[in-house]
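So the chains spell out like this:
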Amino acid sequence: MGTAKRQPWVVGVSGASGTPYAASVIRALLAAGEAVDLIVSRAARLTILDETGISFRDAHWRADLAAWLGTEGPDDGLDGVRYWPAGDFAAGPSSGSYPAKGMLVVPATTGAVAGIALGLSKDLLQRVASVTLKERRPLVVCVRETPLNGVTLKHLVELDAQGAVVLPASPGFYAGGSTARELVDFVAGRVLDAVDVPHSLYLRWEGELGAAARRADGSGGVRPEGE
Ligand SMILES: Cc1cc2nc3c(=O)[nH]c(=O)nc-3n(C[C@H](O)[C@H](O)[C@H](O)COP(=O)(O)O)c2cc1C
């Protein structure tokens, strides 16, 4: 009979440095067969422009997203993505009745951290994060700033108390990664680990010192073909 109900992960991209983390998370969600609802804050347009050279436009989001993810072509692999402009408070995920699985804020600015912790809902990204918390759905906040001031530290503790996973964009070096892409994928992989989405973005620790570095050398990496 009918098709299965679409249950997306909402990916909120705010205007912190670290747009490659968002690209890696979106690619891996789609590779895992997950649907994605994408929100890009106004400030994130500046970081995307700065870090990729791409002007991200609401009206041309699919072409711009394909360029960002490197999937341009007749089959851009983006059928599973739905895009909501950051000023659209009438967007589906603005309501708790919308069947989202949860939300990943990648990367998260200190402003987004504050807005979510205090329930400001100043844009759609913050509104959906508040909805995610009130509905007791998983919320991962991948904060990117250094050093952190006292008020951000307080907001992060508040987010933790409200049930969010505070996951700093803090790559680990134990997985054998050495290139920027591998270190980005490590953080993206930890984001997906937090919500139990399978991936092969990094080599897991198996209890043997140096093993991941040796496997990375010998195996030619763990990414799916074409990645
Ligand atoms: C190029 C660039 C890089 C930035 N990097 C960061 C950052 O790493 N972390 C952060 O908290 N804010 C950063 N900002 C500042 C935020 O974009 C700014 O505080 C903005 O108001 C956040 O809005 P948003 O949370 O709605 O995206 C950066 C801004 C620019 C233009």
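Definitions and cut-offs
- Residues numbered from 1 in each chain as written.
- Predicted model: local features only at pLDDT ≥ 70, side-chain atom pairs only at ≥ 80, totals over all residues.
- Helix = DSSP H or I, 4+ residues; strand = E, 2+ residues; numbered from the N terminus.
- Rg over C-alpha atoms; globule rule 2.2 N^0.38 Å.
- Buried ≥ 20, exposed ≤ 12 C-beta atoms within 10 Å, placed from the backbone.
- Contact = placed C-beta atoms within 7 Å.
- Pairing = 2+ DSSP bridges.
- Right-handed = clockwise from strand over helix to strand, strands pointing away.
- Near = placed C-beta within 6 Å.
- Nonpolar A, V, L, I, M, F, W, Y, C, P; charged D, E, K, R; others polar.
- Core = buried A, V, L, I, M, F, W, Y, C linked by C-beta atoms within 7 Å.
- Axes fitted to C-alpha atoms, helices over the stretch in contact; angles between N-to-C directions.
- Parallel < 35°, antiparallel > 145°, perpendicular 65-115°, else oblique.
- Left-handed = near helix turned anticlockwise from the far one by under 90°.

Caption draft 1: View of the overall build of the chain. Of regular secondary structure, the chain possesses eight helices and six strands. In sequence order, the chain lays out its α and β elements as β-α-β-α-α-β-β-α-α-β-α-β-α-α. For a compact globule of 227 residues, the expected C-alpha radius of gyration is about 17 Å, and the chain comes in at 17 Å, within 12% of that figure. The principal-axis extent of the C-alpha atoms belonging to the chain is close to 50 × 50 × 40 Å. The buried share of the chain, reckoned over its 227 residues, is 41%. Taking all contacts inside the chain whose residues are at least 6 apart in sequence as the whole, residues at least 24 apart take part in 73%.

Caption draft 2: Region of interest: the pairing of strand 2 (residues 36–40). Counting buried positions along strand 2 gives four out of five residues, so the element sits mostly inside the fold. Two strands pair when backbone bridges link them, and strand 1 (residues 9–13) and strand 2 are joined in this way by five bridges, in the parallel orientation. If you follow Val-10 over to strand 2, its bridge partner there is Asp-37. Crossover handedness for the path strand 1 to helix 1 (residues 19–31) to strand 2: right-handed. Summarising the sheet, strand 2 and strand 3 (residues 81–83) pair through three bridges and their orientation is parallel. Across the sheet, the residue bridging to Leu-38 is Tyr-83, located in strand 3.

Caption draft 3: Region of the structure containing the site of the ligand. The environment of the ligand is made up of 17 residues, and the closest members are Ser-14, Gly-15, Ser-41, Ala-43 and Thr-109. Elements with a minimum of two residues in the shell around the ligand: helix 2 (42–52) and helix 4 (110–118). Of the residues forming the shell around the ligand, the biggest block, five residues, is contributed by helix 2. The residue makeup of the shell around the ligand, split by class, is five nonpolar, eight polar and four charged.

Caption draft 4: Structural detail: the environment of Asp-88. By the element assignment, Asp-88 lies in the loop between strand 3 and strand 4 (102–108). Each C-alpha atom of the pair Asp-88 and Leu-203 lies 39 Å from the other, and the pair is 115 residues apart in sequence.

Caption draft 5: A look at the environment of Ala-211. Turning to its location among the elements, Ala-211 is positioned in helix 8 (residues 211–219). On the basis of neighbour count, Ala-211 is assigned to the partly exposed category, with 14 C-beta atoms found within 10 Å.

Caption draft 6: Looking closely at the nonpolar core. Ranked by size, the top nonpolar core spans 60 residues in total, and within it Val-11, Val-25, Val-105, Val-106, Val-141 and Cys-142 carry the most contacts. In contact with Val-11, other than residues within four places in its own chain, are Ala-22, Val-25, Ile-26, Val-36, Leu-38, Leu-104 and Val-106.

Caption draft 7: Focus on helix 4. Turning to helix 4, its buried residues are Ala-112, Val-113, Gly-115, Ile-116 and Ala-117. As for helix 4, its buried residues are in contact with strand 4, helix 5 (124–134), strand 5 (139–143) and helix 6 (150–161). A positive phi of about 70 degrees marks Gly-119, the residue just after helix 4.

Caption draft 8: Quick look at the environment of Pro-20. In this fold, Pro-20 is placed in helix 1. The exposure class assigned to Pro-20 is buried, which follows from the 20 C-beta atoms found within 10 Å. For the pair Pro-20 and Ser-55, spaced 35 residues apart in sequence, the C-alpha to C-alpha distance is 15 Å.

Caption draft 9: Spotlight on the packing of helix 4 against helix 5. Between helix 4 and helix 5, whose axes approach to 9 Å, the crossing angle comes to 45 degrees. The orientation of helix 4 relative to helix 5 falls into the category oblique. Of the two elements, helix 4 crosses helix 5, and the hand of that crossing is right-handed. From helix 4, Ala-112, Gly-115 and Ile-116 reach across to helix 5, where they touch Leu-125, Gln-126, Ala-129 and Ser-130. Looking at the contact of helix 4 with helix 5 residue by residue, the class counts come to four nonpolar, three polar and no charged.

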